[in-house]
Amino acid sequence: MRYSWVAVIMLLILYSLSGCSTQDTSGGRKIFSFNRDWYFAKDLPGDNYAELNQDTSAFKEVILPHTPKIEPLVVNNQWMGTSWYRKTFIISSSQKNKEHYLYFEGAMQNADVYLNGKHIFSHTGGYLPFVVSLDKYLVFGKPNLVAVKLVNTDDTLVPPGKPLKDLDFCRYGGIYRDVKFITTSKLHITFAIASKTPGGGGVFVNQDTISSEVSKISIKTEIVNQNESQKTFSIQQVLKDDSGKIVAEVNSAQVRIRAGETLSLTQNMTINHPGLWSPQHPYLYRMETKVIEKNREVDNLTTKIGLRRLKLTPEGLYINGKKEFLSGTNRHQEYPYVGYALSDEAQWRDAVKIKDAGFNVVRLSHYPQSPVFMDACDSLGIVVMDAIPGWQFLGGKAFRKHVLTDERELIRRDRNRACVFFWELSLNETWMPPSLMDSILVVKNQEFPEKKPITCAWIDHPGFDLFIPARQHGHPPDYWYNYKDGKRPIFIAEYGDWEYYAQNAGFNQTQFKGLKPEDRSSRQPRDAGEIRLLQQALNFQEAANSDERGRGKGIIGQANWLMFDYNRGYTNDIETSGIADIFRIPKFSYYFYRSQRDPNESVTPPATGGPMVYIASYWQKNSTPIVRVFSNCQQVELFVNGHSVGKQNPDHDRVSTYLPHPPFTFKLRSVAPGTLKAVGYIDNKPVAEETISTPDKPNSLVLQVDTSGIPISNKHKDVLIVHASIVDKKGTVCHNSSLKVNFEVHNAKLVGENPFPAQAGIASVVMLTEPVEKPITISAEVPGMKKVTIQIKEGK
């Protein structure tokens, strides 16, 4: 029998405290991280490892989030199978008057949960949360064993349903998101995802009337009484602004609730002169819902909300009365080597990168993603298109029933989020019979009885509000610009990849008909060379310009394919149409998009904005003398070795006509080794500049830990990417270098190929950290160069 006595002691202390009167008066709900002290094994003989007294010699200690296997960089045989997770814990006898739950944010894919050898819960589907009540078989003052059996194999009953060998992404296993241990009083707010009432469960905030002068909202709260006697209670709703100041408060009358009864209360609230949420100003409030019994707070739940008014018309999307064209990207949630098992901070870093790229919307392809990533989108001002799991597959009756379950769970998880504007309630690129689409709309109406969300589907169905085709689903040259068949606005859900890669292959991504030459494709590794990276940027520019043509004429926004390179089940290579590689290093295309943001647009830190210039060149021997500069300035001046070659206005050509900020193209006679400097001007004043130099011979290494402004966690496991750049004597990256870099680390752990060959002059490795008192020391070395070492400390 193995369990951590540290965990046991902490649980005893915490749960004893939570039972004392001083804790009860401040609220009965307690939420603890349950990520540490798990034991894991996979591919075991036999079928039951849920008993306390078993041989667990094959198990190893792990910390969640966790992946069953550290995969290679190119995943061509993703692990699939059965795994087990076990954890032992003790709860003080003083907690017998409480309810106890485990909340799993995500476990892939079909889960069976056991407590002390008894099966207590099953959940199918790996992308949505589930909550497990522990009280039936819980013992107090003695060890309890929770065991989770996970089966992650091909399953045509569970969306996405398509076998991995045919799937356009990988479906990594494990308990790959956080697990929380939650205690409540017997009288408490229900869990939204577990409620049996359509449209009920938890706290649901409906935004009835929203304006900057006065806003009116209604708050529906579902309460359950698990006591053996009737109770009388009231509900207090307290709304606090971003400084913690109370801006509105409502209290219900006293309510009687019978033993075992569940009921809902709706309260109305008025907010005067509220801050409104938008991509430029993502203002968030905290709604504190408190259950009061005999003048004591016995339960509470905090919900972050952002007040915003949306209006969708054929002319465009209006946010708080202002018309806004959305420009964004798609995201898969995988990381190199660790699959889906990202830390909370890594989720935030991805969101910061998306905002930094100039995007104001992200489509979650093709499944629900981490609630922490959603938190970041709420805070940074990134509009989200939320999606049920699905891609090019339609199963039978059981599968279709599961689609509706996924829809219900997704809505309940994310219905209060400010960032979620769009609900993609169709199976991506999958023919769906009208009966299934009608059933989806029925569930939507049940879950949003008083609120009309913006629903979207890739099929132009009359019951949905927004049509979201991919650009390649249309036909050149107009694609969706002159689409006359539909009666609803269009959002281009994908563009810039497939129409350049294999236009004639239709949806069959394994057929590979009509492929474009490699140098014409948007699928370009970051080390493909300058010319091919420029071609990728040009493809995205051309496609974006084409979509922008429809701005205000039926098209309300667009999302490119895609943000980060990723692995797929059906082919043995990395899909490289990302504007950043799988290690999150930008390609030229990233800076094209960054240049499309207005230089005066407000951006929430740690994301950055403002005027910018970027020279899309390595300025080396084999570079093109036609220099492209991405900038959101009015004019750009280019200098070669200190001499100005002219100040230019933006390009005006076939692929630039409709862009907010077209690139600047300088046609030089030849490549003159040395320096290029670009200066951007607004109102004839220099506001941004960049200088690049011709790289010389490799001389040394520069180490960097990519935090994107999000400090390394000092509270829990973190996942980071470390980069080692091979530079010359002047510090210029040697983009032609592929030297192997050897990494070392102390007080942390490295995963991935090591030594790792540089790609376009940069080698990368993934680092896993845990809270430690000593600084983390990272070293990198290349034969013939001086070893480089840096020290970093964890954040707060």
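Presented here is an overview of the structure given in this document. (Residues numbered from 1 in each chain as written. Predicted model: local features only at pLDDT ≥ 70, side-chain atom pairs only at ≥ 80, totals over all residues. Heavy atoms only, no water.)

A word on helix H3 (residues 344-356)
When the terminal C-alpha atoms of H3 are compared, their 19 Å separation across 13 residues agrees well with the 18 Å that a helix rising 1.5 Å per residue should span. In terms of burial, H3 is a largely internal element, 11 of the 13 residues being buried. Among the residues of H3, Glu345, Ala346, Gln347, Arg349, Asp350, Ala351, Val352, Lys353, Ile354, Lys355 and Asp356 are the ones counted as buried. The secondary structure elements touched by the buried residues of H3 are strand S23 (326-331), strand S24 (361-364), helix H4 (371-380), helix H9 (588-594), strand S40 (700-706) and strand S41 (718-727). A positive phi of about 95 degrees marks Gly358, the residue just after H3. (Helix = DSSP H or I, 4+ residues; strand = E, 2+ residues; numbered from the N terminus. Expected span 1.5 Å × (residues − 1). Buried < 20%, exposed > 50% of the residue type's maximum accessible area, 1.4 Å probe, protein only. Contact = heavy atoms within 4.5 Å.)

Remarks on the sheet that holds strand S42 (residues 740-746)
The antiparallel open sheet is built from 4 strands, whose spatial order is S44-S42-S46-S47. The open sheet is flanked by strand S44 (756-757) and strand S47 (788-792), the only strands paired with a single partner. Note that S42 and S44 share 2 bridges and pair antiparallel. Bridging across to S44, Lys740 finds its partner in Pro757. (Pairing = 2+ DSSP bridges.)

Focus on the sheet that holds strand S45 (residues 762-769)
Taking strand neighbours across the sheet as the criterion, the 4 strands line up as S40-S41-S45-S43 in an open arrangement whose pairing is antiparallel. Because the sheet does not close on itself, it has two edges, and the strands there are S40 and strand S43 (749-751). Neighbouring strand axes in the sheet, compared pairwise and without regard to direction, differ in orientation by 30 degrees on average. Sheet analysis places S43 next to S45, joined by 3 bridges and oriented antiparallel. Residue Lys749 lies in a different strand from S45, and its bridge partner there is Leu768. Most of the contacts of H3 go to S41, to which it runs at about 55 degrees, and overall it touches S40 and S41. (Axes fitted to C-alpha atoms, helices over the stretch in contact; angles between N-to-C directions.)

A short note on the nonpolar core
One finds Phe422, Leu466, Phe491 and Phe588 to be the most contacted residues of the largest nonpolar core, which totals 85 residues. The dominant element in this core, judged by the number of residues it contributes, is helix H8 (residues 530-548), at 6 residues. Setting aside anything within four residues of it in sequence, one finds Leu466 in contact with Leu312, Met385, Phe422, Ile454, Thr455, Cys456, Ala457, Arg488, Pro489, Ile490, Phe491 and Ile556. Counting residues in hydrophobic clusters, the runner-up holds 39 residues, among them Leu73, Val722, Val741 and Phe756. (Core = buried A, V, L, I, M, F, W, Y, C linked by side-chain atoms within 4.5 Å.)

Some points on the packing of helix H5 (residues 397-414) against helix H6 (residues 434-447)
At a minimum axis distance of 10 Å, the contact between H5 and H6 shows a crossing angle of 30 degrees. Judged by the inter-axis angle, H5 sits roughly parallel to H6. Crossing hand, H5 versus H6: right-handed. Contacts between H5 and H6 involve Arg400, Val403, Leu404, Glu407, Arg408, Ile411 and Arg412 from the first element and Leu436, Ser439, Ile440, Val443, Lys444, Gln446 and Glu447 from the second. (Parallel < 35°, antiparallel > 145°, perpendicular 65-115°, else oblique. Left-handed = near helix turned anticlockwise from the far one by under 90°.)

Considerations on the packing of H3 against H4
Between H3 and H4, the least distance of the axes is 8 Å, while the angle of their chain directions is 40 degrees. Of the possible angle classes, the one that applies to H3 and H4 is oblique. In the packing of H3 onto H4, the handedness of the crossing is right-handed. The segment H3 lies against H4, with Asp344, Gln347, Trp348, Asp350, Ala351, Val352, Ile354 and Lys355 engaging Val372, Phe373, Asp375, Ala376, Ser379 and Leu380. Here the residues of the contact of H3 with H4 sort into 8 nonpolar, 2 polar and 4 charged. (Nonpolar A, V, L, I, M, F, W, Y, C, P; charged D, E, K, R; others polar.)

Observations regarding the pairing of strand S2 (residues 38-42)
The side chains of a regular strand alternate, residue by residue, between the two faces of the sheet. Most of S2 is tucked away, with 4 of its 5 residues classed as buried. Across 3 bridges, S2 lies against strand S3 (residues 60-62) in antiparallel orientation. Pairing of Tyr39 across the sheet is with Glu61, part of S3. Where S2 meets strand S4 (residues 81-90), 4 bridges bridge the pair, whose relative direction is antiparallel. Its bridge partner lying in S4, Tyr39 is registered against Arg86.

Here's the deal with H4
Burial analysis of H4 places 9 of its 10 residues in the buried class, the great majority of the element. Turning to H4, its buried residues number three or more, namely Pro371, Val372, Phe373, Met374, Ala376, Cys377, Asp378, Ser379 and Leu380. Those residues of H4 that are buried are in contact with S23, H3, S24, strand S25 (383-387), H5 and strand S26 (420-424). Looking at where H4 begins, the residue whose side-chain oxygen comes 3.0 Å from the main-chain nitrogen of Val372 is Ser370. Looking at the residues trailing H4, positive phi occurs at Gly381, about 85 degrees. (Polar contact = N/O pair within 3.5 Å; in protein donor to acceptor, adjacent residues only side chain to side chain.)

Describing the pattern of salt bridges
Counted under the stated rule, the structure contains 37 salt bridges. The partner of Lys186 in a salt bridge is Glu99, with the nearest N and O atoms 2.6 Å apart. Residue Lys186 is found in the loop between strand S10 (179-185) and strand S11 (187-189), and its partner Glu99 is found in strand S5 (residues 98-104); the two are separated by 87 residues along the sequence. Classification of Lys186 by relative accessible area gives partly exposed; the value is 21%. In this structure, the salt-bridge partner of Arg526 is Asp581, at a minimum N-O distance of 2.8 Å. You can see Arg526 sitting in the loop between helix H7 (498-501) and H8 and its partner Asp581 sitting in the loop between strand S32 (574-575) and H9, a full 55 residues away along the chain. Judged by its relative accessible area of 7%, Arg526 is buried. Overall, Asp581 belongs to the buried group, its relative accessible area being 5%. Because the salt bridges share partners, they merge into one network encompassing Asp375, Asp378, Arg413, Asp414 and Arg417. (Salt bridge = Lys/Arg side-chain N within 4 Å of Asp/Glu carboxyl O.)

Don't take any of this as a statement about function, it's just geometry.
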